[in-house]
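Coordinate analysis (summary)
Letter by letter, the chains look like this.
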Amino acid sequence: QVQLVESGGGLVQAGGSLRLSCAASGRTFSSYGMGWFRQAPGKEREFVAGINWSGRNIRYADSVKGRFTISRDNAKNTVYLQMNSLKPEDTAVYYCAADDDMPTAVLILATSYDYWGQGTQVTVSS
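Here goes a summary of the coordinates provided. (Residues numbered from 1 in each chain as written. Predicted model: local features only at pLDDT ≥ 70, side-chain atom pairs only at ≥ 80, totals over all residues. Heavy atoms only, no water.)

For the rest of this paragraph, the subject is the overall build of the chain. Looking only at helices and strands, the chain features zero helices and 11 strands. Reading the chain from its N terminus to its C terminus gives the helix and strand order β-β-β-β-β-β-β-β-β-β-β. A compact globule built from 126 residues should have a C-alpha radius of gyration of about 14 Å, and the chain, at 13 Å, falls within 12% of that. The dimensions of the chain, computed from C-alpha atoms along their principal axes, are 40 × 25 × 25 Å. Taking all 126 residues of the chain together, the buried fraction comes to 44%. The contacts in the chain between residues at least 6 apart in sequence include a share of 60% that link residues at least 24 apart. Summing over all exposed atoms, the chain offers an accessible surface of approximately 6200 Å²; the carbon and sulfur share of this is 47%. Averaging the coordinates of the 12 positive side-chain charges in the chain and doing the same for the 11 negative ones gives two points 6 Å apart. (Helix = DSSP H or I, 4+ residues; strand = E, 2+ residues; numbered from the N terminus. Rg over C-alpha atoms; globule rule 2.2 N^0.38 Å. Buried < 20%, exposed > 50% of the residue type's maximum accessible area, 1.4 Å probe, protein only. Contact = heavy atoms within 4.5 Å. Areas by Shrake-Rupley, 256 points an atom, 1.4 Å probe, with all protein chains shown as cover. Lys, Arg positive; Asp, Glu negative; His and termini not counted. Charge placed at Lys NZ, Arg CZ, Asp CG, Glu CD.)

Side chains on a regular strand alternate between the two faces of the sheet. Burial analysis of strand 8 (residues 78–83) places five of its six residues in the buried class, the great majority of the element. Strand direction decides the pairing type here: strand 3 (residues 18–26) and strand 8, joined by six bridges, are antiparallel. What sits directly across from L18, in strand 8, is M83. As judged from the six bridges shared by strand 7 (residues 68–73) and strand 8, these two strands associate in the antiparallel manner. Bridge assignment links D73 to a residue of strand 8, and that residue is T78. Count of turn residues in the strand 7/strand 8 antiparallel hairpin: four residues, of which N77 carries a positive phi of about 55 degrees. (Pairing = 2+ DSSP bridges.)

Applying the stated rule across the entire model yields six aromatic pairs. Geometrically, the ring pair formed by F37 and F47 is edge-to-face, given 5.7 Å between the ring centres and 75 degrees between the ring planes. With a gap of 10 residues between them, F37 in strand 4 (residues 33–39) and F47 in strand 5 (residues 46–51) connect regions that are remote in the sequence. Both residues of the pair, F37 and F47, belong to the buried class. An aromatic cluster of at least three residues, connected via ring pairs, comprises F37, F47, Y95, Y113 and W116. (Phe/Tyr/Trp six-rings, centres within 6.5 Å; stacked < 30°, edge-to-face > 60°.)

All right, on to the state of the cysteines then. Working definition of a disulfide: a covalent bond connecting the sulfur atoms of two cysteines. Scanning all chains against the criterion turns up one disulfide. Each sulfur of the disulfide joining C22 and C96 lies 1.9 Å from the other. Every disulfide takes its handedness from the sign of the S-S torsion; for C22 and C96 that torsion is 45 degrees, giving right-handed. Taken as a pair, C22 in strand 3 and C96 in strand 9 (residues 92–99) lie far apart in primary sequence, 74 residues in all. Classification of C96 by relative accessible area gives buried; the value is 0%. (Disulfide = S-S within 2.5 Å.)

If you look at soluble globular proteins, the nonpolar side chains tend to sit buried side by side. Residues L4, M34, W36, L81, M83 and Y94 are the most contacted members of the largest nonpolar core, which totals 37 residues. The set of elements that each furnish at least two residues to this core consists of strand 1 (2–7), strand 3, strand 4, strand 5, strand 7, strand 8, strand 9 and strand 11 (120–125). Other than its neighbours up to four places away in sequence, L4 contacts C22, A23, A24, M34, C96, A97, A98, Y115, W116, G117 and Q118. (Core = buried A, V, L, I, M, F, W, Y, C linked by side-chain atoms within 4.5 Å.)

What follows is the structure in structure tokens.
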């Protein structure tokens, strides 16, 4: 089992940047594929970005491609989401998630992930 704790959220103006971190503890971090999801009020949780165990396989949602970058440091048991050129529509609670069933793949469905963090709020003002 793994425990996930997100940090780095906050309030930023449109066009600004934030870097989210997700620290993992428990089982070997490199055993997991990782994902970032977000959920805005009244909306379903949606996939943002995912990275496989080695970091060689990465996928992004079309809405963030070219603006967000996911990365991981297995030595630090941490996955990151660098968010640039933020827009008001990026406002949401951001969650990191871990999957240990298919760590070589990048999974885009929330139901595919086994473990979740508590979330961190990102608010982008216009």
